[in-house]
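So you can see what is in the structure, the chains are spelled out below.
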Amino acid sequence: MSNRTHGSPPRRIFIDKQSPKAFHALVQVSEAVRATASEAGLDRATVELINLRVSQLNGCAYCLDVHTRTALRAGESPQRLGVLSAWRDTGLFTPSERAALALAEATTDPGNAATQTSAYETAREVLSEDQISAAIWVAVTINAFNRVSIMSKHPVSQLHEE
């Protein structure tokens, strides 16, 4: 059965609502990954930088909105958020953050073996194996959430600040 009216694009299904058990399982994975990152010593701001960079690469407006607000609450600066897409061209990010961002990018676009090797080599210089694993898991998880939101076409709501 089609959910299309003549000439209009198909209505998207919010797959998180349509399949709540599957979405709940993804939320549980996310909670476990957040705990893993914390136990490994990745602070919340670094986790949010990973979430934002992956969401930039995937073009997920909904996740960019959510994680920008979360990053700001975690103490991230508007300046660093503004230049995140060009993180390699600034001196604003620590070696650990740069390593985590490189791993996140390699995880999001895993087709380039040289990029993966370079990301791992850089990460091994400044991150523990637990931190490397956690950073990759954060990237894997936000990639999954990006696909849920992109395929569902989750809307970004206008904030009404007073």
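Residues numbered from 1 in each chain as written. Predicted model: local features only at pLDDT ≥ 70, side-chain atom pairs only at ≥ 80, totals over all residues. Heavy atoms only, no water.

### A short note on the packing of aromatic side chains
Inference 1: Evaluation of the coordinates by the stated rule reveals 1 aromatic pair.
Inference 2: Aromatic side chains phenylalanine 23 and phenylalanine 145 sit 5.9 Å apart centroid to centroid with 85° between the ring planes, which places their arrangement in the edge-to-face category. Taken together, the positions of phenylalanine 23 in helix H2 (residues 20-40) and phenylalanine 145 in helix H8 (residues 129-152) put the pair 122 residues apart, joining distant regions of the chain.
Inference 3: Given the relative accessible area of 16%, phenylalanine 145 is considered buried. (Phe/Tyr/Trp six-rings, centres within 6.5 Å; stacked < 30°, edge-to-face > 60°. Helix = DSSP H or I, 4+ residues; strand = E, 2+ residues; numbered from the N terminus. Buried < 20%, exposed > 50% of the residue type's maximum accessible area, 1.4 Å probe, protein only.)

### Quick word on a nonpolar patch on the surface
Inference 1: A contiguous nonpolar patch, built from Val29, Trp137 and Val140 and spanning about 260 Å² of accessible area, is present on the exposed surface.
Inference 2: Looking at the element boundaries, valine 140 is found in helix H8. (Patch = residues over 30% accessible without salt bridge, like charges linked within 9 Å, V, L, I, M, F, W, Y side chains within 5 Å. Areas by Shrake-Rupley, 256 points an atom, 1.4 Å probe, with all protein chains shown as cover. Salt bridge = Lys/Arg side-chain N within 4 Å of Asp/Glu carboxyl O.)

### Observations concerning the nonpolar core
In globular proteins that are soluble, nonpolar side chains generally tend to be buried together.
Inference 1: In terms of nonpolar packing, the biggest core is built from 36 residues, with Ile50, Leu84 and Leu103 touching the most fellow members.
Inference 2: For this core, the elements supplying multiple residues, two or more each, are H2, helix H3 (44-58), helix H4 (61-73), helix H6 (95-108), helix H7 (113-126) and H8.
Inference 3: The element best represented in this core is H8, accounting for 9 residues.
Inference 4: Sequence-distant contacts of leucine 84, that is, excluding residues within four places in its chain, are made with Leu49, Leu52, Arg53, Gln56, Phe93 and Leu101. (Core = buried A, V, L, I, M, F, W, Y, C linked by side-chain atoms within 4.5 Å. Contact = heavy atoms within 4.5 Å.)

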